[in-house]
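Structure assessment
Below, each chain spelled out in residue letters.
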Amino acid sequence: MRFKKILWLVLSLTIVFFGYVKYRDLQPVKIVAVHPDGPYTDILVKNFPLTDKGRINWWLKNKDILKAKYKLPAPTKDDGFYFIKIWDFGRGYVEDDGYDRLCFDDIKEKNHCIDKAPYLTIRKGKETGLTFFTDQKRYQVDSNGNYKEF
């Protein structure tokens, strides 16, 4: 009898967890701000996908929209290099703590920093091609447009 209760609890928690992940994946990503600086751009978002696959697929699906609306990416003319970092907007803009926050000089307010919580980094270089970086992994895009983990 006790084994059935434990099994039921584990099964229930598993269903709740996967339900939450699916719920999060169905929420639309909200781009809160874009901070460009030449070929480097920081994008602040809410409701970003939880999985590496979801994050990369979001970029691939929305890159044309980002190009039209925000003129992203903005590659260099000589070698086409660009570097985009997508961050969790989290608590919103906060004051600089002088230690470990990402601050934006284009905002002249007291609250012009965010807590560093990166979701995805997209880098394109002449030698490396298109590469995605997540918390622990690196993915390379091949000539067919497919990506694979390194």
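The rules behind these values
- Residues numbered from 1 in each chain as written.
- Predicted model: local features only at pLDDT ≥ 70, side-chain atom pairs only at ≥ 80, totals over all residues.
- Heavy atoms only, no water.
- Patch = residues over 30% accessible without salt bridge, like charges linked within 9 Å, V, L, I, M, F, W, Y side chains within 5 Å.
- Areas by Shrake-Rupley, 256 points an atom, 1.4 Å probe, with all protein chains shown as cover.
- Salt bridge = Lys/Arg side-chain N within 4 Å of Asp/Glu carboxyl O.
- Helix = DSSP H or I, 4+ residues; strand = E, 2+ residues; numbered from the N terminus.
- Buried < 20%, exposed > 50% of the residue type's maximum accessible area, 1.4 Å probe, protein only.
- Pairing = 2+ DSSP bridges.
- Axes fitted to C-alpha atoms, helices over the stretch in contact; angles between N-to-C directions.
- Contact = heavy atoms within 4.5 Å.
- Expected span 1.5 Å × (residues − 1).
- Disulfide = S-S within 2.5 Å.

Here's the deal with a nonpolar patch on the surface
Together, W8, L11 and I15 line one region of the surface with nonpolar side chains, adding up to about 370 Å² of accessible area. Counting through the fold element by element, L11 comes out in helix α1 (residues 2-26). On the basis of relative accessibility, which here comes to 44%, the residue L11 falls in the partly exposed class.

As for the sheet that holds strand β3 (residues 82-88)
Spatially, β1-β2-β3-β7-β8-β9-β10 is the arrangement adopted by the 7 strands of the open sheet, whose pairing is mixed. Looking at which strands have only one partner, the edges of the open sheet turn out to be β1 (30-37) and β10 (147-149). Each strand axis lies, on average, 20 degrees off the axis of its neighbour in the sheet, ignoring direction. Where β1 and strand β2 (residues 40-46) come together, 7 bridges link them in antiparallel fashion. Bridging across to β2, K30 finds its partner in K46. Running over the sheet, helix α2 (residues 52-70) touches β1, β3, β7 (118-125), β8 (129-133), β9 (138-141) and β10 and is turned about 65 degrees from β7.

Observations concerning the sheet that holds strand β5 (residues 101-103)
Overall, antiparallel pairing links the 3 strands, which are arranged β4-β6-β5 in an open sheet. Of all the strands in the sheet, just β4 (94-95) and β5 have a single pairing partner and so form its edges. The sheet contact formed by β4 and strand β6 (residues 111-115) spans 2 bridges and is antiparallel. When the sheet's bridge partners are listed, V94 is paired in β6 with C113.

Things to note about α2
The first and last C-alpha atoms of α2 sit only 23 Å apart over 19 residues, clearly below the 27 Å expected at 1.5 Å per residue. Residues of α2 that are buried include every one of R55, I56, W58, W59, N62 and L66, and no others. Turning to α2, the residues buried within the fold contact β1, β3, β7, β8, β9 and β10. Directly beyond the C-terminal end of α2, a positive phi value near 60 degrees is found at K71.

With respect to the state of the cysteines
Counted according to the given criterion, the structure contains 1 disulfide. Residue C103 pairs covalently with C113 via a disulfide, S to S 2.0 Å. Residues C103 and C113 share a disulfide whose torsion about the S-S bond is about 100 degrees; that sign makes it right-handed. Here C103 is found in strand β5, whereas its partner C113 is found in strand β6, with 10 residues between them in sequence. Among the residues examined, C103 registers a relative accessible area of 25% and is labelled partly exposed.

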